[in-house]
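Coordinates in review
So you can see what is in the structure, the chains are spelled out below.
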Amino acid sequence: MKITENYHTHTSRCNHAVGTIMEYVEAAVDAGVKILGISDHVPFPDNRWLDSRMRFEELPEYEREIAEARKRFPEIKILQALECEYSPADHDYLLSYKENPAYDYLISGNHWVIDDTGYMYDSINSPEILKIQENQLIEIMESNLFAFIAHPDMCFGEYQEWDKYAEEFTVNICKTAVKTSTPLEINGYGFRKPMINTPNEKRYKYPLREFWKTASQFEIEVICNSDAHRPQDIIANISDAREIANSYNLKFANLHFD
């Protein structure tokens, strides 16, 4: 099946990818993509986490470059989005983007586990920390701010044992996804990262087949994206992500952004 959509794309503005917005759009047009979402990480007014996002002051230029790309390439639908870390304290700030007609959608990408005291864990390496991640993802979906949850199984790059806690994590995430009608992303970027040696096998950090096999027991919807960090990866591994979805008969989400 021809790949014509990708809703998860980063640029050099996020400080861990390469390429300009225009270079990604050019690559998308060359690849026959019809809908492209530009979704760099949301900046915060206090400029936290600058190693993985633009400065807050750069946001107008980000918006200007997307507008310029839309004018230059009318043959492709370019969507303006942001990938977001979420906390209740930031809810109203993120809501301002969801309610801003200039933005087409928000993605939730939860990269850090932070407990109720504000402590940030370096690794999801115990059932207790996995449970905190689970609770955060549930809270994120219940916020109703996000079009989909990016790489919900990314934590299994660190929590490498598929045990009862991993199963419970997956079940509870999927139950909430169904309840809140939130699609889950099968993320292509995991296929481009170094494989890991777990106690049982050598595998990708994510996507994790056990997660998606368990997820297939629920009426979830999925979206398959490249999570491109280089222009040449604009549709990379989306077909691999779709293969996982098809192998477990998962339903593809039908996203509409007018």
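Below or above, wherever it landed, is the structure these notes cover. As the structure is a computational prediction, the values presented were derived from the model and not from experiment.

Cut-offs applied
Residues numbered from 1 in each chain as written. Predicted model: local features only at pLDDT ≥ 70, side-chain atom pairs only at ≥ 80, totals over all residues. Heavy atoms only, no water. Helix = DSSP H or I, 4+ residues; strand = E, 2+ residues; numbered from the N terminus. Core = buried A, V, L, I, M, F, W, Y, C linked by side-chain atoms within 4.5 Å. Buried < 20%, exposed > 50% of the residue type's maximum accessible area, 1.4 Å probe, protein only. Contact = heavy atoms within 4.5 Å. Expected span 1.5 Å × (residues − 1). Arc of directions from axis to C-beta. Lys, Arg positive; Asp, Glu negative; His and termini not counted. Salt bridge = Lys/Arg side-chain N within 4 Å of Asp/Glu carboxyl O. Polar contact = N/O pair within 3.5 Å; in protein donor to acceptor, adjacent residues only side chain to side chain.

1. Things to note about the environment of His 256
One can find His 256 in the segment after strand S12 (251–252). Separated by 107 residues in the primary sequence, His 256 and Ile 149 place their C-alpha atoms 16 Å from one another.

2. Some remarks on the nonpolar core
If you look at the biggest cluster of nonpolar residues, it comprises 68 residues, and the most contacted ones within it are Tyr 62, Leu 82, Leu 184, Ile 186, Trp 212 and Ile 220. Discounting chain neighbours no more than four positions away, the residues touching Leu 184 are Met 141, Ile 149, Pro 152, Ile 173, Cys 174, Ala 177, Trp 212, Ile 220, Glu 221, Val 222 and Ile 223. Core analysis: the second largest hydrophobic core is formed by 13 residues, Tyr 7, Ile 35, Ala 147 and Leu 255 among them.

3. A closer look at helix H2 (residues 59–72)
Between the first and last C-alpha of H2 there are 20 Å, a value that for 14 residues agrees with the 20 Å anticipated at 1.5 Å per step. Residues of H2 that are buried: Leu 59, Tyr 62, Ile 66 and Ala 69. Projected onto a plane normal to the axis of H2, the buried residues spread over an arc of 85° and lie on a single side. Summarising the geometry of H2, the exposed residues directed more than 90 degrees from the buried face are Pro 60 and Lys 71. Check the buried side of H2 and you find it contacts helix H1 (21–30), strand S2 (35–38), strand S3 (77–84) and helix H3 (91–98).

4. Structural notes on the side chain of Glu 185
Looking at where Glu 185 falls in the secondary structure, it is placed in strand S8 (residues 184–187). In this structure Glu 185 is buried but unpaired, with Arg 192 as the nearest side chain of opposite charge at 9.5 Å. Reaching out from Glu 185, the side chain makes a polar contact with the side chain of Asn 187 at a distance of 2.7 Å. Engagement of the side chain of Glu 185 in a polar contact is seen with the side chain of Asn 225, the distance being 2.9 Å.

5. Considering the pattern of salt bridges
In total, this model carries 17 salt bridges according to the counting rule given. Notably, a salt bridge pairs Arg 13 with Glu 58, separated by 2.8 Å at the nearest N-O pair. Linking Arg 13 in the loop between strand S1 (5–6) and H1 with Glu 58 in the loop between S2 and H2, this pair joins segments that are 45 residues apart in sequence. Taking relative accessible area as the criterion, Arg 13 reaches 13% and is therefore assigned buried. With a relative accessible area of 25%, Glu 58 lands in the partly exposed category. Residue Glu 168 is joined to Lys 131 by a salt bridge in which the shortest nitrogen-to-oxygen separation is 3.5 Å. Of this pair, Glu 168 sits in helix H5 (residues 164–180) while Lys 131 sits in helix H4 (residues 127–142), and the two are 37 residues apart along the sequence. The exposure class assigned to Glu 168 is partly exposed, which follows from its relative accessible area of 39%. Counted as one network, the salt bridges with shared partners bring together Arg 13, Glu 58 and Glu 65.

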